[in-house]
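Chain and residue survey
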Amino acid sequence: MALRKIVTLPAAVLRRKAKPVTKFDQDLQTLIDDMIETMRDAPGVGLAAPQVNVPLQLAVIEYAEGEDEEEEEDPEAKPRKKKLFVIINPEIVKASEETIFGIEGCLSVPGLIGEVERHEALQVKALNRHGKLVKLKVDGWTARIFQHEIDHLNGVIFTDLATKVWTPKDDSEIPLD
Ligand code: NI
């Protein structure tokens, strides 16, 4: 496994529609493992292939629901389990009418965060790393990250959708993807 370089705007690859994955070969497995390592190293909660300069419809997402919520320190509390998703050629098959505003940032857009309205819940159809069809139901922050990553596969950046964009004053705790 190896770290890949994360490209930032105005890289053209971030603005193109990515191509569907058709070959589930060793090169793809290596790319997926590298993307997982690169996401964890950044650190980020998601990473789409165009962000490592590969124009394919592939994204990795890893997030523990509730991670962003402020809570009293509870030594008895079990650590929340992070869930890793690898989604290939994803398609949103259903999106909740309910939407929610939240603050997003992006590893490919350093120094900016923005408020974005997203569907609260989604049903997504995708292929897993072995090419098998999977259907996923996600909500909350996980659903937000899915929408952010699927946008990347279509050349869309969160600042295109944001109702406001600004530079955080200090070290922001917004998860990046
Ligand atoms: Ni991003």
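What this report covers is the structure whose coordinates are included nearby.

The rules behind these values
- Residues numbered from 1 in each chain as written.
- Predicted model: local features only at pLDDT ≥ 70, side-chain atom pairs only at ≥ 80, totals over all residues.
- Heavy atoms only, no water.
- Donors = N, O, S within 2.8 Å, 3.2 Å for Na, K, Ca; no water.
- Tetrahedral: all angles 85-135°; square planar, octahedral: opposite > 155°, others 65-115°.
- Helix = DSSP H or I, 4+ residues; strand = E, 2+ residues; numbered from the N terminus.
- Buried < 20%, exposed > 50% of the residue type's maximum accessible area, 1.4 Å probe, protein only.
- Expected span 1.5 Å × (residues − 1).
- Contact = heavy atoms within 4.5 Å.
- Phe/Tyr/Trp six-rings, centres within 6.5 Å; stacked < 30°, edge-to-face > 60°.

Remarks on the coordination of the nickel ion
Distances from the nickel ion to its protein donors, Cys106 (SG), His148 (NE2), His152 (NE2) and Asp177 (O), fall within 2.1 to 2.2 Å. For the nickel ion, the four donor atoms in the first shell make angles of 92 to 141 degrees at the metal, a pattern classed as irregular. On the primary sequence, the residues serving as donors to the nickel ion are separated as C-x41-H-x3-H-x24-D. Here Cys106 is found in strand E4 (residues 99-106), whereas its partner His152 is found in helix H2 (residues 140-153), with 46 residues between them in sequence. The residues Cys106 and His152 share a single accessibility class, namely buried.

Notes on helix H1 (residues 26-41)
With 16 residues, H1 should reach 22 Å at 1.5 Å per residue; the first-to-last C-alpha distance of 22 Å fits that figure. Of the residues making up H1, those classed as buried are Leu28, Gln29, Leu31, Ile32, Asp34, Met35, Ile36, Thr38 and Met39. Those residues of H1 hidden inside the fold are in contact with strand E1 (46-48), strand E2 (58-63) and strand E3 (83-95).

Overview of H2
Look at H2: 21 Å from first C-alpha to last across 14 residues, which is about the 20 Å you get at 1.5 Å a residue. In terms of burial, H2 is largely enclosed, as 13 of its 14 residues are buried. After H2 finishes, the residue Gly155 shows a positive phi value of roughly 75 degrees.

Some points on the packing of aromatic side chains
According to the stated counting rule, one finds two aromatic pairs in the structure shown. Judged by centre distance (6.5 Å) and plane angle (35 degrees), the rings of Tyr63 and Trp141 are tilted. Remark: Trp141 occurs in helix H2 and Tyr63 occurs in strand E2; sequence separation between them is 78 residues. Summarising the burial analysis for this pair, Tyr63 and Trp141 share the class buried. Residues Phe85 and Phe146 carry aromatic rings whose centres are separated by 5.1 Å and whose planes lie at 80 degrees to one another, so their mutual orientation is edge-to-face.

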